[in-house]
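Descriptive analysis of the structure
Listed below are the residues making up each chain.
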Amino acid sequence: MSVLINDIRQRFYLDSVALMRFSVRLEDMDGVEAASMMMATPSNLQIFADAGLLKIAPEEAHADDLLIAVRARDGAHAQAAQDLARELLDSRRADTARGDSMTDRPVRSIAMAHEVNAEANLALISVPGAFAEYEAAKALDHGLNVMVFSDNVSLDAELTLKRRALDQGLLVMGPDCGTAIISGVPLGFANHVRRGDIGIVAASGTGLQEVSCLIDRLGYGISHGIGTGGRDLSSTIGGMTTFAAIDQLLEDDATASLLLISKPPAEAVALKVMDKLAAADKPSVVCFIDGAAPATDLPSHVKVCRSLTAAAEQATGMALNNLPERAPSAARDGIIVGLFSGGTLCAEAQMLLRDAGLSLCSNVPLAGVSADQDSFDTHRLLDLGADDYTLNKPHPMLEPAVRTPMLQASLEAREVAVLLLDIVIGYGADPDPAGAVAEVVSEHNRRRTGPIVVASVCGVDADPQSRQRQVATLQSAGIVVAPSNAAATEYALSLLNRTEEVSQ
Amino acid sequence: MSTLLSSSPIVINVGLADFARDIRAAGGQVVNVDWVPPAAGDVRRAALIQQLQPGSNPRLAAANDEAVERMINADPLLKDVVIAAEAIPSLDRHVVLHAGPPIDWSDMCGPMRGAICGVCVLEGWAKDLRQAEQLADAGELTFHPNHQFSAVGPMTGLTTMSQPVMVVENTAYANHAFCTINEGLGKVMRFGGNDDEVIARLKWLRESFGPMLGSSLRHVGGIRLKPIIARGLAMGDEMHQRNVACTSLVLRELAPAMVAANDDAAAVEQGLRFIAGNDQFFLNVAMVMGKSIMDPVGDVPGSSIVTAMSRNGTTFGIRVSGTGSRWFTAPVEQPEGLYFPGFTAADANPDMGDSTIVETVGLGGFAMAASPAVAGFVGAGNAQQARAFTEDMYVITHTKNTEWTIPGLDFAGVPTGIDVLKVVETQLAPTINTGIAHRKPGVGQVGAGIVRAPLECFSAALDALAEGKQ
């Protein structure tokens, strides 16, 4: 008979990532059926209830209390989990209570932080979306530029913040801006890429990561990588941050050329962007992933590409080599399944396969790609970082283990000929994403043959995880490693037996 | 114009702590904020705070500056002692002013009821305590908060027509405030005492000591109180639970005048002994000073500065400048502290008294860093911990009062001007150093401790300020 316990820690706040990491540890414990630690906000209480983990009445906990819920085989196992939970929280509290300021007292707010260091000029905000606007407004009150990593911030809030920022001459990167690199300082999920003179403006975090890493591997470097958030080029926002970022890069002595990455913007906004770049005195490369070819004639210093790899090659004038050798054996029957942690990488792969004539489905389909994921013989590319997969589960970049069940299922499935994966490393990512994948694949290979696994590693050797080591780890499990996401996708395509497809 | 790109960014990290770690690992500069959700995670209230913030509401900054300026410009003068009915014309037969926000007889705690019965006997409205109780039960008495009539009183804080009250004039704004004289320690009316000994002492205060104190004060032309406070802070007082230095300073000012202005040597000796024997004599002076400072701040439109905090043993109430005389109330909280030998938390009366006017002007628990000795007394810990209490109060106040400085904090001024917005945002409640009374009337003080103002009062005030802004 299962035992369910609910334990409330009053006025105890911990960020969602730390809580999810702890929750995973509790669930790993012997005898624990389900466990979760979250702040007791109304929406989280609903999530607890839906998971059969809520025992207390909703009125018993406040939004700033922490709720630990454990369902275990019996009382002893539940207690053991509860004890571990408390231990984890107490040791975490001790760590953060050491404080960060010269006065050795906890710095509780942006105002206090600004007193500690009056030279601060950027607030990096990754609090729950419900409070991101609040903190961002505070940051602007203090004359700080803002990077809003948080998502679930309304379009209205984004508009208000960006208008204020425009008036004040400040940049608002985001919301939902996962990556920025300013003067070599990594913000959010970012890679330790070489400094150089290519300035990047990106509406996509993993897009910025992939392009900056490819530039580095091609022997060049970036001056800055400015994130704009995914909605900046919508008609409502009108590209406020994008244009401000372009202006700053055009003024910046360290920047010699620009590179812009986004999904295709609203048409009116796209025209303004192209006009601005055409009039600029520095060359630029524009990558609208899956964008249409530009209608107007562009001057020679503005180039348009459709894939991240093409953009990096265009910006550096170099070509990626070390492509994997084509498979010597006969082409395979079956489908490609892609399991992605980066949404833009999934989009790039979709574009390439769709353009090659494959019929595809995805949970975040591009035009011409089906949303129906149940079809048995349609190639399937999934973004596991999208909302439908990350409700109450960590993002796969933070916790690679969440990709494991789907990975295993795809390895076992008869109809899968090729498995396509992205491994994103760098600051903020898991210490060993390749290891998690290699372990699952090796284990499977011990038992039977399966699909060919093709991966790309978005990262550089100077990253904490070391791209070189990650590649070696993957290769030791028999995984084919391509130099970029686009290259991996092309390679996967080359493995298929295309005779049936071509005749469709 | 220097932009974000011109140099390495200096980052303030708010949220996932690992981002700060990574910035440091990459050689960048970052200050990590130990973030907790504002307003206890209440999204609606956080939005109200955002609307009222100086950034979106410039009127607020100006209003709060004005409110705090009035506090700092105050110049309280302890100038006289008069009979209460002279000072407060509404004080009539059967009218009783009490500590805290409005409360009905039926909701009052034991010590308050005991004191009220005693005061009926003192005033001659009842011949004994039992008759007094019948009078109250029959609804014959009219109750009002002291605060409504520019008065304050400690613990039960009863002010009635014939009692002597000290008068402080805030000469900067020409307003006056009033408070009864501190009876001493032990079995006294402010703790609900009401027997013959208590009544006799109150009669002595009315007939002998009060008039003598009054004539002495007039003789010296009054005592300016800000300098007394400044010196007291440097001597280890915080003016709520520790007043021995200020009591001594005032005794020094008064003693020659008491001799010069009064013929009856025996009465003078008795009066001097009375002050000298009561370490808390100055508490009532500090309180009436606080009231005289805050009354002119009571009505600055749009200001979120707290103008009064007060308890009646059942409810805790605050008033806020921008909402005038409106009370925002919540049940009082239980103090956490140390008990005198023989007593425990089970003996404690809930929090009571107008003495929180002292914290309202930046003293008491707010100035705990000046008084390590009191920190031990109220169970707040050691000197280092005493500092931490004051430092927390800086987070929720508007400014530091440079006239009242704390030597141990490098002469930083006391935290002044409690801001409702900051309290709700940070969920740091004002810290109060309080005495703890026995819950049975008349037993007296059984301990001392720290109590927090209930956050609910401030949340309600925030809602009202936001409504008022529309």
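Residues numbered from 1 in each chain as written. Chains lettered and ligands numbered in written order. Predicted model: local features only at pLDDT ≥ 70, side-chain atom pairs only at ≥ 80, totals over all residues. Heavy atoms only, no water.

1. Let's talk about the overall build of chain A
Broken down by element type, chain A carries 17 helices and 19 strands. Relative to the globule expectation of 23 Å for 504 residues, the C-alpha radius of gyration of chain A, 24 Å, shows essentially globular dimensions. Across its three principal axes, chain A shows a C-alpha extent of roughly 65 × 60 × 35 Å. Only carbon and sulfur atoms are counted for the fraction: they give 50% of the accessible area of chain A, which is about 20,600 Å². (Helix = DSSP H or I, 4+ residues; strand = E, 2+ residues; numbered from the N terminus. Rg over C-alpha atoms; globule rule 2.2 N^0.38 Å. Areas by Shrake-Rupley, 256 points an atom, 1.4 Å probe, with all protein chains shown as cover.)

2. With respect to the overall build of chain B
What chain B contains, in helices and strands, is 16 helices and 18 strands. For chain B, the C-alpha radius of gyration of 23 Å lies close to 23 Å, the compact-globule estimate for 470 residues. Per-residue burial for chain B yields a buried fraction of 63% across its 470 residues. The contacts of chain B with a sequence gap of at least 6 include a subset with a gap of at least 24, amounting to 71%. Of the roughly 16,200 Å² that chain B leaves accessible, carbon and sulfur atoms contribute 50%. Across chain B, the centroid of the 34 positively charged side chains sits 1 Å from that of the 48 negatively charged ones. (Buried < 20%, exposed > 50% of the residue type's maximum accessible area, 1.4 Å probe, protein only. Contact = heavy atoms within 4.5 Å. Lys, Arg positive; Asp, Glu negative; His and termini not counted. Charge placed at Lys NZ, Arg CZ, Asp CG, Glu CD.)

3. Re the confidence of the model for chain B
On average, chain B scores 94 in pLDDT, and the residues at 70 or more come to 99%. Two summary scores accompany this predicted model of the complex, namely pTM at 0.82 and ipTM at 0.86. (pLDDT = per-residue confidence, 0-100.)

4. As for the layout of surface pockets
Each pocket or cavity is described by its volume, and for the second largest pocket that value is around 1,300 Å³. Lining the second largest pocket are 39 residues, and of these Ala 111, Met 112 and Glu 115 of chain A together with Tyr 394 and Val 395 of chain B sit closest to its centre. Listed by contribution, the elements that provide at least two residues to the lining of the second largest pocket are α4 (110-116) and α5 (129-141) of chain A together with α3 (58-73), α14 (383-395), β15 (397-406) and α15 (420-426) of chain B. Top contributing element to the lining of the second largest pocket by residue count: α14 of chain B, with six residues. The class makeup of the residues in the lining of the second largest pocket is 15 nonpolar, twelve polar and twelve charged. (1 Å grid on protein atoms, 1.4 Å probe; cavity = no way out; pocket = protein on both sides within 12 Å on 5 of 7 lines; lining within 4 Å. Points joined across faces, edges and corners; volume = space filled by probe spheres on them. Nonpolar A, V, L, I, M, F, W, Y, C, P; charged D, E, K, R; others polar.)

5. Some points on the interface of chain A and chain B
The partner chain B presents 50 residues to the 61 residues of chain A that form the contact. Counting each side, the surface lost to burial between chain A and chain B is near 4,800 Å², with a carbon and sulfur contribution of 64%. Counting the surface chain A buries against chain B, the share from its top three residues, Arg 108, Phe 131 and Tyr 134 of chain A, is 14%. Elements that contribute at least two residues to the side of chain A that touches chain B include exactly α1 (16-27), α3 (75-97), α4, β4 (122-125), α5, β8 (185-188), β10 (222-227) and α8 (240-251) of chain A. Take the side of chain A that touches chain B: its biggest share by element is eight residues, from α5 of chain A. Among the residues making up the side of chain A that touches chain B, the classes are represented as 32 nonpolar, 14 polar and 15 charged. (Buried area = accessible area lost by both parts, 1.4 Å probe.)

6. So, a negative patch on the surface
A cluster of acidic side chains, namely Asp 151, Asp 176, Asp 387 and Asp 388 of chain A, defines a negative patch on the protein surface. Examined against the element boundaries, Asp 387 of chain A turns out to sit in helix α12 (residues 387-390). (Patch = residues over 30% accessible without salt bridge, like charges linked within 9 Å, V, L, I, M, F, W, Y side chains within 5 Å. Salt bridge = Lys/Arg side-chain N within 4 Å of Asp/Glu carboxyl O.)

7. Quick look at the sheet that holds strand β14 (residues 335-340) of chain A
Residue and element names in this part refer to chain A. Strand order in the open sheet made by the six strands is β15-β16-β14-β17-β18-β19, with parallel pairing throughout. The open sheet has two edge strands with one neighbour each: β15 (360-362) and β19 (480-482). Sheet twist, expressed as the mean angle between neighbouring strand axes with direction ignored, is 20°. Two strands pair when backbone bridges link them, and β14 and strand β16 (residues 379-383) are joined in this way by four bridges, in the parallel orientation. For Gly 338, the partnering residue across the bridge sits in β16 and is Leu 381. Helix α11 (residues 343-355) contacts β14, β15, β16 and β17 (416-424) of the sheet and is inclined by roughly 160° relative to β16. (Pairing = 2+ DSSP bridges. Axes fitted to C-alpha atoms, helices over the stretch in contact; angles between N-to-C directions.)

8. Re the sheet that holds strand β13 (residues 336-339) of chain B
Residue and element names in this part refer to chain B. Pairing is antiparallel across the open sheet formed by three strands, whose spatial order is β13-β18-β17. Two strands in the sheet have a free side with no partner beyond their single neighbour: β13 and β17 (431-437). Within this sheet the neighbouring strands show an average axis-to-axis angle of 20°, counted without direction. Summarising the sheet, β13 and strand β18 (residues 445-452) pair through four bridges and their orientation is antiparallel. Looking at the pairing, Gly 337 lines up with Gly 449 of β18.

9. Description of the environment of Gly 379 of chain B
Positionally, Gly 379 of chain B belongs in the loop between α13 (372-377) and α14. Separated by 70 residues in sequence, Gly 379 of chain B and Gly 449 of chain B have C-alpha atoms that sit 6.2 Å apart.

10. Here's the deal with the pairing of strand β3 (residues 66-72) of chain A
All names here are of chain A. Within β3, six of the seven residues are buried, which leaves the element mostly enclosed by the surrounding structure. Where strand β2 (residues 32-39) and β3 come together, seven bridges link them in antiparallel fashion. Among the inter-strand pairings, Met 38 is bridged to a residue of β3, identified as Leu 67.

11. Structural notes on the side chain of His 98 of chain B
Residue and element names in this part refer to chain B. Along the chain, His 98 falls in strand β4 (residues 95-98). Accessibility expressed as a relative area gives 1% for His 98, which makes it buried. Other than its neighbours up to four places away in sequence, His 98 contacts Ile 103, Met 112, Phe 143, His 144, Pro 145, Asn 146, Thr 156, Gly 157, Leu 158 and Asp 354.

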